[in-house]
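Okay, here's what each chain looks like letter by letter:
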Amino acid sequence: MAANDLVLAFTGASGAPYGVRLLEVFLESGRTVHLTISPAAVQVLEHELDRRVKLDQFNLHDLLVETAALASSGQVQYHHYQDFSAGIASGSFLTAGMVICPCSMGTAGAIANGLSQNLIHRAAEVHLKERRKLILVPRESPIHLIHARNLATVIEAGALVIPAMPSFYHRPKTLEEAVDTVVFRVLDQLGLPAADAPRWKSGEDRE
Ligand SMILES: Cc1cc2nc3c(=O)[nH]c(=O)nc-3n(C[C@H](O)[C@H](O)[C@H](O)COP(=O)(O)O)c2cc1C
């Protein structure tokens with residue numbers, strides 16, 4: 001345990017590439033990552049990225065198939081989503097924050113209503129009660145009133161909501177660059193700004 005460890009959860013919303021990219025960047029930055037994955041996220045990872053992750057026999061190489069060196073770094077501590085004895089289920093376990101990326105509307109609703117039915121909900125509730133950074137990267141469209149109210153509730157409780165909405169004003173040329181427009185917003189909020197993040201410049205400074 002170290003106060004600069006990060007918690008990362010993947011849940012079953014579309015947007016697995018955001019979560020995997022975020023994990024890679026956290027590892028590149030030298031952070032220890034406490035990773036937990038919901039069963040629905042496993043389906044999305046396979047559907048969107050052909051990554052076949054086993055929750056009961058987790059192997060990081062199944063997730064980081066294209067960045068094998070990072071998978072071997074030993075920086076990831078995996079926690080089964082039903083393991084309430086994991087350190088991240090307790091407020092006494094210090095972290096630098098938690099990101100749920102992608103965040104399903106189901107998980108957002110569970111957090112908004114304090115359901116704490118799995119480790120992801122519990123760790124999120126811990127981050128809220130300890131007044132630590134909790135970032136949700138939700139993805140759903142369109143959203144209905146209950147979704148909007150749940151997101152408002154988590155914001156009122158102290159969470160940051162960074163919707164999985166890529167921006168295009170820097171004209172991303174690849175899917176990876178578009179993914180990074182969301183990932184960089186998360187990194188900014190965690191105090192881990194990416195050196196190569198494109199940033200808005202005023203008219204006279206623009207190239
Ligand atoms: C391929 C796939 C894509 C999905 N996309 C979304 C989505 O974009 N947003 C969302 O809220 N739920 C989405 N779902 C539904 C959730 O996975 C489902 O509501 C699930 O119960 C969420 O559980 P979790 O929050 O524990 O991961 C998707 C499911 C699948 C299989």
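A brief report on the enclosed structure follows. Because the structure is predicted, anything quoted here is derived from the model rather than measured. (Residues numbered from 1 in each chain as written. Predicted model: local features only at pLDDT ≥ 70, side-chain atom pairs only at ≥ 80, totals over all residues. Heavy atoms only, no water.)

1. Some words on the sheet that holds strand 6 (residues 160–161)
Two orientations exist for strands paired in a sheet by backbone hydrogen bonds: parallel and antiparallel.
Thought 1: Read across the open sheet, the 6 strands follow the order 3-2-1-4-5-6; overall the sheet is parallel. Each edge of the open sheet carries a strand with a single partner, namely strand 3 (76–78) and strand 6.
Thought 2: Inspection of the sheet shows strand 1 (residues 6–10) paired to strand 4 (residues 98–103) by 3 bridges, in the parallel sense. In the sheet register, Leu8 faces strand 4, and the bridge partner there is Val99.
Thought 3: Against the sheet, helix 5 (residues 105–112) makes contact with strand 4 and strand 5 (134–138), and its axis sits at roughly 140 degrees relative to strand 4, the strand it touches most. (Pairing = 2+ DSSP bridges. Helix = DSSP H or I, 4+ residues; strand = E, 2+ residues; numbered from the N terminus. Contact = heavy atoms within 4.5 Å. Axes fitted to C-alpha atoms, helices over the stretch in contact; angles between N-to-C directions.)

2. Some details on the site of the ligand
Thought 1: Around the ligand, a shell composed of 13 residues is seen, among which Gly12, Ser38, Ser104, Thr107 and Arg139 lie nearest.
Thought 2: Separating an oxygen atom of the ligand from a side-chain N or O atom of Ser38 is a distance of 2.6 Å.
Thought 3: Met105 places a main-chain nitrogen or oxygen 2.8 Å from an oxygen atom of the ligand.
Thought 4: In isolation the ligand exposes 640 Å². Once the protein is present, 66% of that is buried.
Thought 5: Going through the elements one at a time, helix 2 (39–49) and helix 5 are the ones with two or more residues in the shell around the ligand.
Thought 6: With 3 residues, the top contributor of residues to the shell around the ligand is helix 2.
Thought 7: Broken down by class, the residue content of the shell around the ligand amounts to 4 nonpolar, 7 polar and 2 charged. (Near = heavy atom within 4 Å. Polar contact = N/O pair within 3.5 Å; in protein donor to acceptor, adjacent residues only side chain to side chain. Areas by Shrake-Rupley, 256 points an atom, 1.4 Å probe, with all protein chains shown as cover. Nonpolar A, V, L, I, M, F, W, Y, C, P; charged D, E, K, R; others polar.)

3. Some words on the environment of Lys201
Thought 1: Along the chain, Lys201 turns up in the segment after helix 8 (175–189).
Thought 2: Relative accessible area serves as the criterion here: at 36%, Lys201 is assigned to the partly exposed category.
Thought 3: With 142 residues separating them in the primary sequence, Lys201 and Asn59 have C-alpha atoms 42 Å apart. (Buried < 20%, exposed > 50% of the residue type's maximum accessible area, 1.4 Å probe, protein only.)

4. Quick word on the side chain of Asn118
Thought 1: Tracing the backbone shows Asn118 in the loop between helix 5 and helix 6 (119–129).
Thought 2: Within polar-contact distance, the side chain of Asn118 engages the backbone nitrogen of His121 at 2.8 Å.
Thought 3: Ignoring anything within four residues of it in the chain, the contact list for Asn118 reads Tyr81 and Phe84.

5. Structural notes on helix 1 (residues 16–28)
Given 3.6 residues per helical turn, the α-helix brings residues three or four places apart onto the same face.
Thought 1: The first and last C-alpha atoms of helix 1 sit 18 Å apart over 13 residues, in line with the 18 Å expected at 1.5 Å per residue.
Thought 2: Burial analysis of helix 1 places 10 of its 13 residues in the buried class, the great majority of the element.
Thought 3: Turning to helix 1, its buried residues are Ala16, Tyr18, Gly19, Val20, Leu22, Leu23, Glu24, Val25, Phe26 and Leu27.
Thought 4: Looking one or two residues past helix 1, Gly30 carries a phi angle of roughly 85 degrees, positive in sign. (Expected span 1.5 Å × (residues − 1).)

6. Some words on unusual backbone geometry
Thought 1: That bond from Cys101 to Pro102 is cis: its omega, -5 degrees, falls within 30 degrees of zero.
Thought 2: A positive phi angle, close to 60 degrees, is found at Asp50, a residue other than glycine.
Thought 3: Positive phi is not limited to glycine here, since Arg171 has a value of about 55 degrees.
Thought 4: Within the element layout of this structure, Arg171 appears in the loop between strand 6 and helix 8.
Thought 5: A residue is classified by how much of its surface remains accessible, and Arg171, at 66% relative accessible area, is exposed.

All we've got here are geometric facts, nothing functional implied.
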